[in-house]
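Read off the chains here:
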Amino acid sequence: MPTSPSQNAVVQASSGTTPRKTTSRQVSTPDLPKPPRSQQTLLDAMALELGDQVWEFDVKTARSMLSPKRLRSDFDRKDPYPPLSSFTCFVDDPEVQRAMRSLPQPDALSGWDPEDEKVNYEPTATFLNDCVNSCHDVLAKLRQSHEDLRDCWWPTLKFFVYDKDGVEGSASDPLNPHSVGVASGEAGNDPGASGILLPVEVQKNWTEIIKQAATYARAMVSAAPLRLFSVVIGVNHERETLRFLIYHRGGLTMSHEISLQEPQGRHNVQSIIFAILLWRNHEDAGFPSFTTGTVSLLPSRDKDESVTLITNKVLFKSLSIRGRGTYVLWATIAHRPHTLSCDEPVDEEHSVNDKCTEPWRHQSCTPCYTPPSNFIGTSRPITYEEFPDGVVIKYSFPDSAKRGVEAHVHDSCIGQFGVPIHLCTYEACRSDGGAFSNSFLLPSDGSFEEHRWRHAFASSRSPPDRRTLQVIVTVEKGASLEHCKSAAELFKCVLHAQIG
């Protein structure tokens, strides 16, 4: 086995994972410190947050969910919740299907012990690496007929045993994935420098696996708050089974238990890894295509024109797996011809030395702008000349019941009683024009009970929690109430906020 990656990989991904309340939600601002919280309390909060929103699907459906996909041309782009059936999945391409059938049969796991958890860390990583290597061999042949596969999102994925001890000085029990998948290429023998891509959790109880894996997914959301989903691999060493766990803004969607004892089960694991290795860009990996985290393309005068904005500072972040995940940025408008890059420098003058308030950046990519279908805005252009001090961008994932409410309130109460001046609100979309929504990871309304996991963390039977990414652009970033200079000013601010 290769040497373990740097422990900094998990530490960097898990910044800001110690909430105060009975869910995992945590508010972060430059003026609000993070309170300490124990790991066990966080695990309990994960269960409360997921609730009854835990779904399971067969291998074929899980593979399609993780495959690159394009919205079919006959589907209405204004529908905010396109189901999986509305997409053409790349994994269903006839040539890709033939390639998957040609994958060599993975060997049985050697050295497995159903009674001893730690003994199984290395066999798990070895098995996953064998699957990845076989997939890469077949992908090399497939690229000869598919030129767009030459730019893979994870060209050097490799799994390592991790299982590190606690992090000194951590405010809570540290995150401790038992194995991790990382980008090992340029990092050489220090793959932790590339960051953890696929955490792996090995335990003997699925309830505990799901809760612990949720803390890893939450750390991945902390590192990139606008990501639509995070994938974690769960392994039950006592049952010798594996699941792919897909955490998203509406809860958890996972594959059925896949047997690691049976040849077909091991082939099924390999086929889902193959679908993941087909990812070609940040959208396939669950990131919005209009932003790199520091550089974003947003509508200007109307939805057909775009403007480039450079993130200066994170003003607010509400961290959770399931929920709105509100994320507020202050950004300046590019006032000269701009070369788009995810390596855009951040304005050091207005940044602070706090991980929770620094912009996130994902892998090397260039943002692309697609005019949104659902757009509310004014005729006032968003330009550097109009707003030299920049604008405020608020991202959130409202549920279906509250979809559009905030936009209409902003538009109706513009500038009154502390309500910021509203420039535009829209639902972010994919490059194919479809909504940036978690709906393709959820069951349809007519069949959701048959997909609900029977060991879900709540006895309620609520329908699937469908959410879309909403973007609100306003003027003036405001300030914390802590900056009021007198009791009278504080009273006035609170009064205006209540009325507003």
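Conventions we followed
Residues numbered from 1 in each chain as written. Predicted model: local features only at pLDDT ≥ 70, side-chain atom pairs only at ≥ 80, totals over all residues. Heavy atoms only, no water. Helix = DSSP H or I, 4+ residues; strand = E, 2+ residues; numbered from the N terminus. Buried < 20%, exposed > 50% of the residue type's maximum accessible area, 1.4 Å probe, protein only. Contact = heavy atoms within 4.5 Å. Pairing = 2+ DSSP bridges. Core = buried A, V, L, I, M, F, W, Y, C linked by side-chain atoms within 4.5 Å. Polar contact = N/O pair within 3.5 Å; in protein donor to acceptor, adjacent residues only side chain to side chain. Salt bridge = Lys/Arg side-chain N within 4 Å of Asp/Glu carboxyl O. Axes fitted to C-alpha atoms, helices over the stretch in contact; angles between N-to-C directions. Parallel < 35°, antiparallel > 145°, perpendicular 65-115°, else oblique. Left-handed = near helix turned anticlockwise from the far one by under 90°. Nonpolar A, V, L, I, M, F, W, Y, C, P; charged D, E, K, R; others polar. Arc of directions from axis to C-beta.

> I'm lost on the overall build of the protein in this one. Help?
When helices and strands are tallied, the protein shows nine helices and 18 strands. Across the 500 residues in the protein, those meeting the buried criterion constitute 56%. Within the protein, counting contacts between residues at least 6 apart in sequence, those at least 24 apart form 72% of the total.

> For this particular structure, what's the right way to read the pairing of strand 17 (residues 421–427)?
Regular strands have side chains that alternate between both faces of the sheet. Most of strand 17 is tucked away: six of the seven residues are buried. Taken together, the three bridges between strand 15 (residues 375–377) and strand 17 define a ladder with antiparallel strand orientation. Following the sheet pairing, glycine 377 is matched in strand 17 by cysteine 424. Here strand 17 pairs with strand 18 (residues 470–475) via six bridges, running antiparallel. Pairing of glutamate 427 across the sheet is with glutamine 470, part of strand 18.

> What am I meant to see in the nonpolar core here?
It is characteristic of soluble globular proteins that their nonpolar side chains tend to be buried jointly. Within the largest apolar cluster, 90 residues are counted, with the highest numbers of intra-cluster contacts made by Phe274 and Tyr395. Examining the composition of this core, we find that ten residues originate from one element, helix 5 (residues 121–142), more than from any other. With near-sequence residues (within four places) excluded, phenylalanine 274 lies in contact with Val96, Ala99, Met100, Leu103, Cys135, Val138, Leu139 and Leu142. Counting 19 residues, the second-largest nonpolar core is a separate cluster that includes Met46, Ile209, Ala213 and Val232.

> Mind showing me how you'd approach the side chain of aspartate 465 here?
When you line up the elements, aspartate 465 lands in the loop between strand 17 and strand 18. Within the structure, the side chain of aspartate 465 is placed 3.0 Å from the side chain of arginine 322, a separation counted as a polar contact. Setting aside residues up to four positions removed in sequence, aspartate 465 forms contacts with Gln53, Arg249, Gly250, Arg322, Asp399, Asn438 and Leu442.

> I tried to follow unusual backbone geometry on my own but got confused; where do I start?
The bulk of non-glycine residues show a negative phi, and the bulk of peptide bonds are trans. Residue glutamate 240 is not a glycine yet carries a positive backbone phi of 55°. Positionally, glutamate 240 belongs in the loop between strand 8 (229–236) and strand 9 (241–248). Exposure remark for glutamate 240: the relative accessible area of 12% places this residue in the buried category.

> What should I look at first to understand helix 3 (residues 59–66) in this one?
Owing to its 3.6 residues per turn, the α-helix brings residues three or four apart onto one side. For helix 3, the tally of buried residues reaches six of eight residues, placing the bulk of the element in the interior. Listed as buried for helix 3 are Val59, Ala62, Arg63, Ser64, Met65 and Leu66. The opening residue of helix 3, the one whose side-chain oxygen lies 3.2 Å from the backbone nitrogen of lysine 60, is aspartate 58.

> I keep staring at the pattern of salt bridges and nothing clicks. Help me out?
Going through the model one piece at a time under the given rule, you end up with 17 salt bridges. The partner of arginine 243 in a salt bridge is glutamate 56, with the nearest N and O atoms 2.9 Å apart. Here the residue arginine 243 occupies a position in strand 9, and glutamate 56 occupies one in strand 2 (residues 54–57), the gap between them amounting to 187 residues. Look at arginine 243 and you get buried, because its relative accessible area is 4%. A single network of salt bridges, built from pairs that share partners, joins Asp52, Glu449, Arg452 and Arg461.

> Whenever I open this one, the packing of helix 4 (residues 94–101) against helix 7 (residues 263–277) confuses me. Can you help?
Running from amino to carboxyl end, helix 4 crosses helix 7 at an angle of 140°, the nearest separation of the two axes being 10 Å. Between helix 4 and helix 7, the angle is such that the two are oblique. In terms of crossing hand, the pair formed by helix 4 and helix 7 is right-handed. Where helix 4 approaches helix 7, its residues Val96, Ala99 and Met100 are matched on the opposing element by His267, Ser271 and Phe274. For the contact of helix 4 with helix 7, a count of residues per class yields four nonpolar, two polar and no charged.

> Where do I start with helix 8 (residues 405–412) in this structure?
Looking only at helix 8, the buried set comprises Glu406, Ala407 and His410. In an axial view of helix 8, the angular spread of the buried residues amounts to 100°, which keeps them on one side of the axis. The outward face of helix 8, more than 90 degrees from its buried face, is lined by the exposed residues His408 and Ser412. At its buried positions, helix 8 is contacted by strand 15, strand 16 (391–396), strand 17 and strand 18.

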